[in-house]
Number of protein chains: 2
Amino acid sequence: MPLCGKYIPPKCRVYGAPYSICTSRVIMTLMEKEVDYELRLLDTAGRDFRILTKEYKEPRYLALQPFGKTPLFQDSEVKMFESRAIIRYIARKHDDHGPHLYGTNEKERTMVDQWLEVEAQNYNPAIAPAVFHLVFAAWFGKIGDIRVINPSLERLEKVLDIYEAQLMKTRYLAGDFFSLADLSHLPFTHLLINHAGKGDLYSKRPFLKAWWEDIFSRPTWLKHLAKAFPHIYYDPNE
Amino acid sequence: MPLCGKYIPPKCRVYGAPYSICTSRVIMTLMEKEVDYELRLLDTAGRDFRILTKEYKEPRYLALQPFGKTPLFQDSEVKMFESRAIIRYIARKHDDHGPHLYGTNEKERTMVDQWLEVEAQNYNPAIAPAVFHLVFAAWFGKIGDIRVINPSLERLEKVLDIYEAQLMKTRYLAGDFFSLADLSHLPFTHLLINHAGKGDLYSKRPFLKAWWEDIFSRPTWLKHLAKAFPHIYYDPNE
């Protein structure tokens, strides 16, 4: 701390790649909360943005994240991993600022927890194989396996039917407020719709369509995309 | 409410089977918190305890739990699903009573969230296939597939190395206090060690061994086992 002048607390740090699913979740939460952060780029997949370094498998990183996964998050004394734990932490800490991503009362918080778990336990296992084989495979010059893609999309359709029924009742998943639960769906869904061309799965369900158009067009998400994929997207406000 | 006498609030309800993994998590949390609850038995797997009803696939249940999974939890106006969301709710609501399963401050809560996510995202995917093929297969008169069991156990060993390193630093996963994160590991681990005979994976790692012996021998867990598997276990205190 300088002897005079305003004390500027150190920025929190995110270690990861902005184009990776789990790191996106954390960055998006920080942007929604208007929290200043510093991104320490750890290439996770050897994308053409940068030479693959596999820094996240080096001992000094493993000492902080023993599973060798990103993101890792640091905020003063707090060092933590697991994206859905990190976004809960950020939302609780900055509850007085920006949207109430973790709800405003116990009932809302409970529903955010429920739908965050639904995303992790039901939505992700359904959508992930399709995105891996439709999008990531192409990025790495491979051909996706239709025997993986089709069952994945069939499973996803069933989950989307349940989402449609929920979104008929409430504007967002956990209630009539945008929350961590909605936000958590952005990275994978964006890739399936906009990179794998599977938007019809969403647009044929009217409430799901409205929900997706709403959350996808949040200024923070568009801004994030422009930073994460600068060769494809640009920030409409800049 | 009776016109005279003490008002007795309605008990909360758990819909599920006490021998199922996710329902166990919720029951264990309620027992730790000494919360009175009513169990509405929904047979999930057609065990020999009861004729298989598949009530959890009937429309009246699906109206409450659209994914057709157990447990479902009801507490006055709160109706919710997803075990790790339910146990967070119970721990927050009854924070003033019993062990602080969700920590006593923000830093502890953050670590509980992190290790709950580690359990869901790293531990469970590693251990579940082994338990399905070593334990559940036998229960249903099938033979487990060694091509599933071996990779599952290999993956688990790597996770257990990380747990050993963590438990060298703190007595429990999230710190020096028993939490939702530890509790969440009980159901699957119990089956792998005590029903599949894989205790050596744990006992060869001294800190992991001490942790397991500690959490397995909690009176609430032993009592729960006696209720869930009455033909195998008995309550040592009765």
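So, how was this worked out
- Residues numbered from 1 in each chain as written.
- Chains lettered and ligands numbered in written order.
- Predicted model: local features only at pLDDT ≥ 70, side-chain atom pairs only at ≥ 80, totals over all residues.
- Heavy atoms only, no water.
- UniProt positions renumbered as here; feature names shortened; annotations may be inferred.
- Helix = DSSP H or I, 4+ residues; strand = E, 2+ residues; numbered from the N terminus.
- Rg over C-alpha atoms; globule rule 2.2 N^0.38 Å.
- Buried < 20%, exposed > 50% of the residue type's maximum accessible area, 1.4 Å probe, protein only.
- Contact = heavy atoms within 4.5 Å.
- Areas by Shrake-Rupley, 256 points an atom, 1.4 Å probe, with all protein chains shown as cover.
- Lys, Arg positive; Asp, Glu negative; His and termini not counted.
- Charge placed at Lys NZ, Arg CZ, Asp CG, Glu CD.
- Pairing = 2+ DSSP bridges.
- Axes fitted to C-alpha atoms, helices over the stretch in contact; angles between N-to-C directions.
- Domains from an automatic or database assignment.
- Buried area = accessible area lost by both parts, 1.4 Å probe.
- Salt bridge = Lys/Arg side-chain N within 4 Å of Asp/Glu carboxyl O.
- Polar contact = N/O pair within 3.5 Å; in protein donor to acceptor, adjacent residues only side chain to side chain.
- Phe/Tyr/Trp six-rings, centres within 6.5 Å; stacked < 30°, edge-to-face > 60°.
- Lys NZ or Arg CZ within 6 Å of the ring centre and 35° of its normal.
- Right-handed = clockwise from strand over helix to strand, strands pointing away.

- Under an unreviewed UniProt entry, the name given to chain A is glutathione transferase, and the organism recorded is Marchantia polymorpha subsp. ruderalis.
- Of chain A, the UniProt comment under Catalytic activity (unreviewed entry) reads exactly: "RX + glutathione = an S-substituted glutathione + a halide anion + H(+)".
- Looking at chain A in UniProt, the text filed under Sequence similarities (unreviewed entry) is "Belongs to the GST superfamily. Phi family."

## Thoughts on the overall build of chain A
So, step 1. When helices and strands are tallied, chain A shows 10 helices and four strands.
So, step 2. The order of α-helices and β-strands along chain A, N terminus first, is β-α-β-α-β-β-α-α-α-α-α-α-α-α.
So, step 3. For 238 residues, the compact-globule estimate of 2.2 N^0.38 gives 18 Å, and chain A sits close to it at 18 Å.
So, step 4. For chain A, the spread of C-alpha atoms along the principal axes amounts to about 60 × 45 × 35 Å.
So, step 5. A buried classification covers 55% of the 238 residues belonging to chain A.
So, step 6. Pairs at least 24 apart in sequence give 66% of the contacts found in chain A among residues at least 6 apart.
So, step 7. Surface accessibility of chain A: about 11100 Å² in total, with carbon and sulfur atoms responsible for 56%.
So, step 8. Charge centroids of chain A, computed over 32 positive and 30 negative side chains, lie 4 Å from each other.

## Some details on the sheet that holds strand β1 (residues 12-16) of chain B
All names here are of chain B.
So, step 1. Spatially, the four strands line up as an open sheet ordered β2-β1-β3-β4, and their pairing is mixed. Both edges of this open sheet fall to β2 (37-41) and β4 (78-81), since each of them pairs with a single strand only. Here the strands of the sheet are splayed against their neighbours by 15° on average, with no regard to which way each runs.
So, step 2. Two elements, β1 and strand β3 (residues 72-75), share three bridges in a ladder whose sense is antiparallel. Bridge pairing in β3 links Arg13 to Gln74.
So, step 3. Where helix α1 (residues 21-32) meets the sheet, it contacts β1, β2 and β3, and its direction lies at approximately 155° from that of β1.

## A closer look at the environment of Asp235(B)
All names here are of chain B.
So, step 1. Structurally, Asp235 can be placed in the segment after α10 (219-228).
So, step 2. C-alpha of Asp235 to C-alpha of Thr70: the two residues are 165 residues apart in sequence and 25 Å apart in space.
So, step 3. Those residues in contact with Asp235 that lie beyond four places of it in its chain are Lys223 and Ala226.

## Considerations on the domain arrangement of chain A
Residues and elements named next belong to chain A.
So, step 1. Domain parsing of chain A yields domain 1 (12-93) and domain 2 (106-228).
So, step 2. The centre of domain 1, based on its C-alpha atoms, is set 21 Å off from the matching centre of domain 2.
So, step 3. Contacts between the two partners involve 19 residues from domain 1 and, on the opposite side, 24 residues from domain 2.
So, step 4. Both sides together, the interface formed by domain 1 and domain 2 hides about 1900 Å², and carbon and sulfur atoms give 66% of it.
So, step 5. Where domain 1 meets domain 2, there are five salt bridges.
So, step 6. For Glu119, the salt bridge is made with Arg25, and the minimal N-O distance between the two is 3.2 Å.
So, step 7. Inspection of the domain 1/domain 2 interface yields eight residue pairs in polar contact (both at pLDDT 80 or more).

## Observations regarding the packing of aromatic side chains
So, step 1. Overall, the coordinates contain 30 aromatic pairs over all chains when judged by the stated rule.
So, step 2. Ring pairs connect the aromatic residues Phe67(A), Phe81(A), Trp115(B), Tyr123(B), Tyr163(B), Tyr202(B), Trp211(B), Trp212(B) and Phe216(B), which therefore count as one cluster.
So, step 3. When the ring centre of Tyr102(A) is taken as reference, the NZ or CZ atom of Arg109(A) above it lies at 4.2 Å.
So, step 4. When the ring centre of Phe178(B) is taken as origin, the NZ or CZ atom of Arg218(B), which lies over that ring, is 3.7 Å away.

## Let's talk about the interface of chain B and chain A
So, step 1. On the side of chain A, 30 residues touch chain B, which itself brings 30 residues to the contact.
So, step 2. Taken together, the two surfaces of chain B and chain A that pack against each other cover about 2800 Å², and 56% of this comes from carbon and sulfur.
So, step 3. Looking only at chain B, the three residues that lose the most surface to chain A are Phe67(B), Arg92(B) and Glu117(B), adding up to 20% of its buried area.
So, step 4. Joining chain B to chain A, the criterion identifies 10 salt bridges.
So, step 5. When the shortest N-O distance is used, the salt bridge between Lys107(B) and Glu77(A) registers 3.9 Å.
So, step 6. Remark: the boundary between chain B and chain A carries 12 residue pairs in polar contact (both at pLDDT 80 or more).
So, step 7. When residues of the side of chain B that touches chain A are traced back to their parent elements, those giving at least two are β4, α3 (83-93), α4 (106-139) and α5 (146-169) of chain B.

## Regarding the pairing of β1(B)
Residues and elements named next belong to chain B.
So, step 1. The element β1 is extensively covered by neighbouring structure, given that four of its five residues are classed as buried.
So, step 2. Pairing of β1 with β2 involves five bridges; the strand directions are parallel. Opposite Arg13, over in β2, you have Glu38 as the bridge partner.
So, step 3. Since β1 and β2 lie parallel, the crossover through α1 that links them has a hand, and here it is right-handed.

## So, the sheet that holds strand β4 (residues 78-81) of chain A
Residues and elements named next belong to chain A.
So, step 1. Overall, mixed pairing links the four strands, which are arranged β2-β1-β3-β4 in an open sheet. Of all strands in the sheet, those with a lone pairing partner are β2 (37-41) and β4, marking the two edges. Going across the sheet, the axis of each strand differs from the next one's by a mean of 15°, ignoring polarity.
So, step 2. Here helix α1 (residues 21-32) sits on the sheet and contacts β1 (12-16), β2 and β3 (72-75); the angle it forms with β1, its principal contact strand, is near 155°.

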